[in-house]
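Structure at a glance
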Amino acid sequence: MRLTGAQILVKELIALGVDEIFGYPGGSVLDIYDELYKNRDKIKHYITAHEQGAAHAADGYARRSGRTGVVLATSGPGATNLVTGIATAYLDSVPLVAITGNVSTKLIGKDSFQEVNIVGITMPVTKHNYIVERVSDLRKILREAFFIANDGRPGPVLIDIPKDIQRDSAEYDEAESFTFTSRRHASDFKIEKVCAMLKAAKRPYIYAGGGAVISGASSELRAFSERIDAPVATSLMGVTAVPASFSGALGMAGMHGRYAASKALAECDLLIAVGVRFSDRATGNKDMFVKNCKVLQFDIDRAEVNKNIKADEYVVGGIKEILSGILRVLPKLDNKDWLDYVSVLKGSPENLLATSDNALTPKFVIENTCESIGRGASVATDVGQHQMWTAQYYRFEEPRTFITSGGLGTMGYGMGAAIGACIGSKKKRSILFTSDGSFHMNLNELATAVTNELPLTVVLLDNNALGMVRQWQTMFYDKHYSETALNRKTDYVKLAEAFGAKGFGAKNKEEFLAALRAVRDLDTPALIHCTIDSDENVFPMIPPNGTINDIIIR
Amino acid sequence: MNQNKHTIFLLVANKHGVLTRISGLFAKRAYNIDNLSVGRTDDPEISRMTVVVECGEALVEQIVQQLRKLVDVIAAEAADPQNTVERELLLVKIKNCADTGGQLTEAVNIFRGRVVDMTPDSLIVEITGEEDKLNAFINYVQKFGVVELSRTGVTALERGKTALAERSESWT
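These figures come from a predicted structure and were not determined experimentally. Sequence positions are assigned chain by chain, starting from 1 and proceeding in written order. In the order they appear in the text, chains get letters beginning with A and ligands get numbers beginning with 1. At least 70 in pLDDT is required for a residue's local features to be given in this predicted model, at least 80 for side-chain atom pairs to be given and counted, and no such filter applies to totals for whole chains, interfaces and linings, which use all residues. In computing side-chain properties, one takes all heavy atoms of the structure into account and sets aside hydrogens as well as water.

Things to note about the packing of aromatic side chains
All names here are of chain A. Within 6.5 Å between ring centres, the rings of Phe, Tyr and Trp (the latter by its six-membered ring) count as paired, and their orientation is classed by plane angle as stacked under 30 degrees, edge-to-face over 60, tilted in between. A complete count under the given rule lists 16 aromatic pairs over all chains for this structure. Each ring, one from Phe 178 and one from Phe 180, has its centre 6.4 Å from the other, and the planes form 0°; the classification is stacked. Judged by centre distance (6.4 Å) and plane angle (70°), the ring pair of Phe 364 and Phe 512 falls under edge-to-face. Of this pair, Phe 364 sits in helix H17 (residues 362–373) while Phe 512 sits in helix H24 (residues 509–520), and the two are 148 residues apart along the sequence. For the pair Phe 364 and Phe 512, one class covers both residues: buried. The cationic tip of Arg 40 hangs over the ring face of Tyr 37; the distance from NZ or CZ to the ring centre is 4.2 Å. The rule is short: NZ of Lys or CZ of Arg within 6 Å of the ring centre and within 35 degrees of the ring normal puts a charge over the ring. Directly above the ring of Tyr 481 sits Arg 470, whose terminal nitrogen or CZ lies 4.1 Å from the centroid. Numbered from the N terminus, helices here are DSSP runs of H or I no shorter than four residues, and strands are runs of E no shorter than two. Partly exposed describes any residue whose relative accessible area lies between the buried limit of under 20% and the exposed limit of over 50%, with all areas from a 1.4 Å probe on protein chains only and scaled to the type maximum.

Considerations on the interface of chain A and chain B
At the interface, 21 residues of chain A touch 19 residues of chain B. We define buried area as the total accessible area lost by two parts upon association, computed with a 1.4 Å probe and summed across both. Its largest share of buried area at the contact with chain B, chain A owes to Met 123, His 128 and Arg 183 of chain A, together 36% of the area lost on that side. Should a side-chain nitrogen of Lys or Arg be within 4 Å of a carboxyl oxygen of Asp or Glu, the pair is scored as a salt bridge. At the junction of chain A and chain B, the tally comes to two salt bridges. We note a salt bridge from Glu 61 of chain B to Arg 302 of chain A, for which the minimum N-O separation is 3.2 Å. For the purposes of these results, a polar contact is taken to be a pair of N or O atoms within 3.5 Å, where, inside protein, one atom must be able to donate a hydrogen and its partner to accept one; residues adjacent in sequence count only when each atom of the pair is a side-chain atom. Put simply, chain A and chain B have twelve residue pairs in polar contact (both at pLDDT 80 or more) between them. Residues that form the side of chain A that touches chain B fall into these classes: eight nonpolar, five polar and eight charged. Working rule for contacts: check all heavy atoms of both residues, and any pair within 4.5 Å makes them a contact. As a working rule, the residues Ala, Val, Leu, Ile, Met, Phe, Trp, Tyr, Cys and Pro are called nonpolar, Asp, Glu, Lys and Arg charged, and the rest polar, with Gly in that last group.

A short note on the nonpolar core
All names here are of chain A. Formed by 47 residues in total, the largest nonpolar core has its most connected members in Phe 22, Phe 439 and Val 458. The dominant element in this core, judged by the number of residues it contributes, is helix H19 (residues 413–424), at eight residues. Among all residues touching Phe 439, those that are not within four sequence positions of it are Asp 382, Met 415, Thr 434, Leu 446, Val 458, Leu 460, Tyr 492, Leu 495 and Leu 527. What we call a nonpolar core is a set of buried Ala, Val, Leu, Ile, Met, Phe, Trp, Tyr and Cys residues that are connected through their side-chain atoms within 4.5 Å.

Quick word on the packing of helix H1 (residues 5–15) of chain A against helix H7 (residues 135–150) of chain A
Residues and elements named next belong to chain A. All axes are obtained by fitting lines to C-alpha atoms, using only the stretch in contact for helices, and the reported angles, taken between N-to-C directions, cover 0 to 180 degrees. Following both chains from N to C, one finds H1 and H7 inclined at 25°, their axes separated by 10 Å at the closest point. Compared by their axis directions, H1 and H7 come out roughly parallel. Crossing geometry of H1 relative to H7 is assigned as right-handed. Across the interface between the two elements, Gly 5, Ile 8, Leu 9, Glu 12, Leu 13 and Ala 15 of H1 pack against Val 135, Leu 138, Arg 139, Leu 142, Arg 143 and Phe 146 of H7. Broken down by class, the residue content of the contact of H1 with H7 amounts to eight nonpolar, one polar and three charged. Roughly parallel means an angle under 35 degrees; roughly antiparallel means over 145; roughly perpendicular covers 65 to 115; every other angle is labelled oblique. A crossing counts as left-handed when the near helix is turned anticlockwise from the far one by less than a right angle, and as right-handed when that turn is clockwise.

Details of the pairing of strand S7 (residues 122–129) of chain B
All names here are of chain B. Of all the eight residues making up S7, six are buried; the element is thus mostly covered by neighbouring parts of the structure. Relative to S7, strand S5 (residues 84–95) runs antiparallel, the two sharing eight bridges. When the bridges of S7 are listed, Val 92 appears paired with Val 125. With five bridges joining them, strand S6 (residues 114–119) and S7 adopt antiparallel strand pairing. Within the sheet, the bridge partner assigned to Arg 114 lies in S7 and is Glu 126. Count of turn residues in the S6/S7 antiparallel hairpin: two residues. Any two strands with at least two DSSP bridges between them are considered paired.

Some points on the sheet that holds strand S18 (residues 456–462) of chain A
All names here are of chain A. On the basis of which strands lie adjacent, the open sheet formed by six strands has the order S16-S15-S17-S18-S20-S19 and parallel pairing. Looking at which strands have only one partner, the edges of the open sheet turn out to be strand S16 (402–403) and strand S19 (502–506). Relative to strand S20 (residues 526–531), S19 runs parallel, the two being bridged by five bridges. Each residue of the ladder has a partner; that of Ala 506, found in S20, is Cys 530. Against the sheet, helix H23 (residues 492–499) engages S18, S19 and S20, with an angle of about 170° to S19.

Here it is, written out as structure tokens:
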């Protein structure tokens, strides 16, 4: 059977199990959109307000569901608008397949209308990318792209398809099958050595990251923690790796991590790194970070070993497999004294998160949102103070429910991501914690949420400032508030209503609780505008390149 | 040889864009390429690259691991300097002023080079050898007037009967 490139693409997407994609049509993808039209009963396409929103939505969809996110855009500006979204997914290891149209092959390189070399542009922020040169290659490329996006450490892959390739036809044999070789590093699992190291430790400490969440190792991680009497702290990406209610959980470590998490880390004799990449925001001063302990590292990506922190021993592989392997052979280890000490740290006054007595505080907003509408919800954030507050105050119980841009720190990520997470959770409630700064970047996607009648609640913490930058100016730049006082006159309630969403304003606790009560019964988009003080800062804080000795508690 | 120079062997898919991917990786991670050469192997679908990097010992391992993640990289390995044969080819064009006392001819002979082209007012010398030898030759012939020169970059093979492809099987 002969099919066109566009037909092959859509047929293969369906065969790969893709039934929801995000995108934005345009001149160079008309043929693909025509095929999508014919197959609209099999693939639901969500059009966003901007391609960046589509890329973040596909990313949020993938993070929430564990499936591969798919985003489609036209050539030129359509393609370049995806770049921030692709880079965001790359830094946080999200399986994403981005498909772009391009001008016809004979027009490539001639500076044609809406032509851009998107393969060149995205090379540093994709695991791999392709420009399809022959329609007969398309099927294999698409299969391989999905394979690569999910093989080992996940990440984005881009496929650029020139317009003539979409229209040309090739023989399509349904029975043809493809196999690809995994590029995962096969390390011999020196389990005796690992177990000996665990047995020798008197003060073991588990530091879990995004790898533990991606690999679905939550229950193994809890069992491992109990088996070796080690507390579990997480990186920002690992916040949902263990439930907040788990007795061994210390919360997040790092620049804005909990006191007990940072203190115990500084005093452990064995740091067990479980799918973390030791970002500078997590480690602070790298020379001091593991000065007093040995490091045992588990990661699926061999290149993460010794990249930022030198490991004394490591195992390369999926976190779930590694932990189950250890759990099969390792007897119960007793480090009760250490656990007792850690629980003293946990109960210490320094470990309490500071809060102000302002009329409305981030702590109050986030804790009450969690309690009132948090059950079963996905929680997305933008980037800045509100993101850290969410990581600190929100009690996450389920893996994959915290959707946040950790590595790239993309302001404007939240709206698209919250939409994607909502769709990726079969339209269960999605909560976006955002701020006046981040929200203004991509608030256009409110339109997408309204059109699709998504149960999305935007909780906007408005401090009339670019809060995180302002906090650094307060602490390190002599309160020179250079361009961080926003003084915008946006009426967020009217704005929400203009988009067709419900809007609520809250200046104090009573108003906020009333808004939450109203939102609880809504299954359509709503926004709660929370006015908070500009001087609310994120604490604790270990200043950049600092150690536990530099921690500022409040 | 400079203690901080390390040679990395690579087998890569012989497709367009591969060189961009490799050099792009070096650029984005701020690895310093000192020298790079590339050519097709006996298998037309595979090219071999030799990259000389300037960095500390610990970073070489990291560079090799990052290279291995590229889809088009078939094999990547850091060379054992004690066990590696390295060569580079140099073409240098020299102003053909009178070769006073045969000094230039003597130098070409001592360096085991050859004159491969001659015009009334220029000649081209070809020299093969290790980097340091080529540097020494270039320094010496400056006085005759170097018009321009071109070097291929280092190419290298490890001693012994095994091939890079076999040695690297363990990591995929």
